[in-house]
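Observations on the model geometry
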Amino acid sequence: MSGDVETITPYEHDNMIDINLRTPFLLMQCFNEYLKQSKGCVINISCDKGTRPDPGLVSYCMSKAGIDMLTKSAAMELAPFGIRVNAVAPSFVESNLYRAAGLTEPELDALKIRAGNNIPMARVGNVTEIAKAIIFLTSEHGTKMTGHIMKVDGGKSLTTRGQ
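Residues numbered from 1 in each chain as written. Predicted model: local features only at pLDDT ≥ 70, side-chain atom pairs only at ≥ 80, totals over all residues. Heavy atoms only, no water.

**What about the packing of aromatic side chains?**
Under the definition given, this model contains one aromatic pair. Ring centres of F92 and Y98 lie 4.8 Å apart, and the angle between their planes is 10°; on these two criteria the pair is classed as stacked. A relative accessible area of 12% means that F92 is categorised as buried. Looking at K36, its charged tip hangs above the ring of F81, at a distance of 4.1 Å from the centre. (Phe/Tyr/Trp six-rings, centres within 6.5 Å; stacked < 30°, edge-to-face > 60°. Buried < 20%, exposed > 50% of the residue type's maximum accessible area, 1.4 Å probe, protein only. Lys NZ or Arg CZ within 6 Å of the ring centre and 35° of its normal.)

Structure follows, in C-alpha cells:
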C-alpha cells in the first residue's frame, strides 16, 4: 500500500502499521511464555526501507523502521531469558508481490533492471537468499546474535544510489 504524507488515508496508514508492526509485537507478547520456556528466538522481517526512505511509501517505511526498533528493544528485554530477537532486512527481492500488485511482466522486468542498477552486486535478491539468512539466525551458528538487523541487500546499504 503506497501513499505519501498528503494522500494516504488514516485507514491505509493504520492498516500498514497493524500488519507490519503491531502484529509482530502482539505475536511476541502472545508467545512470550513459550519463548521463555524454550529459550527460543524471534526473526522479524524488516526491509531496507526502514533506514532508506522512499517517497510515496511513508507508512511502509515507518512500519519497517518500527520493526528495527522493536527488534532491538525486545532483544534487550528478552535476552535475560535466553530469547534472541533479530531481523532480516532485504532490499528488492524478486517475488510474486509485484505481480499481485498488478505490475505487468514488462513493468516488472524494468523495475528489476532499475533496482539491480542501484545495488553494488548488480542484481536483485531472491526469496531463497532471504530464507537462508533466516535459517542462519535460527541455527546454532547464530546463538550469540541478538538485536541484529541482518541486511541482505547486495551492498545497497553501503551506497547513496537511488531507490
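So much for the structure itself; the text now carries on.
**Structural notes on the side chain of S59**
Positionally, S59 belongs in helix 3 (residues 58-78). You can call S59 buried: its relative accessible area is 1%. (Helix = DSSP H or I, 4+ residues; strand = E, 2+ residues; numbered from the N terminus.)

**Observations regarding the nonpolar core**
When a protein is soluble and globular, its nonpolar side chains tend to lie buried together. Counting residues in hydrophobic clusters, the biggest one holds ten residues: M28, L35, V42, I67, L70, A74, A75, L78, I83 and V85. Of all the elements, helix 3 adds the most residues to this core, at five residues. Excluding anything up to four places from it in sequence, L35 contacts M28, G40, C41, V42 and I83. Judged by nonpolar contacts, the second largest core, of six residues, contains V88, I130, L137 and M150. (Core = buried A, V, L, I, M, F, W, Y, C linked by side-chain atoms within 4.5 Å. Contact = heavy atoms within 4.5 Å.)

**Side note on the state of the cysteines**
Cysteine pairs can be linked by a disulfide, which is a covalent bond between their two sulfur atoms. Per the stated rule, a full pass over the model turns up zero disulfides. Note on C30: no disulfide assigned, nearest cysteine sulfur contributed by C41 at a separation of 17 Å. C47 supplies the cysteine sulfur nearest to C61, a cysteine that is in no disulfide, at a spacing of 7.5 Å. (Disulfide = S-S within 2.5 Å.)

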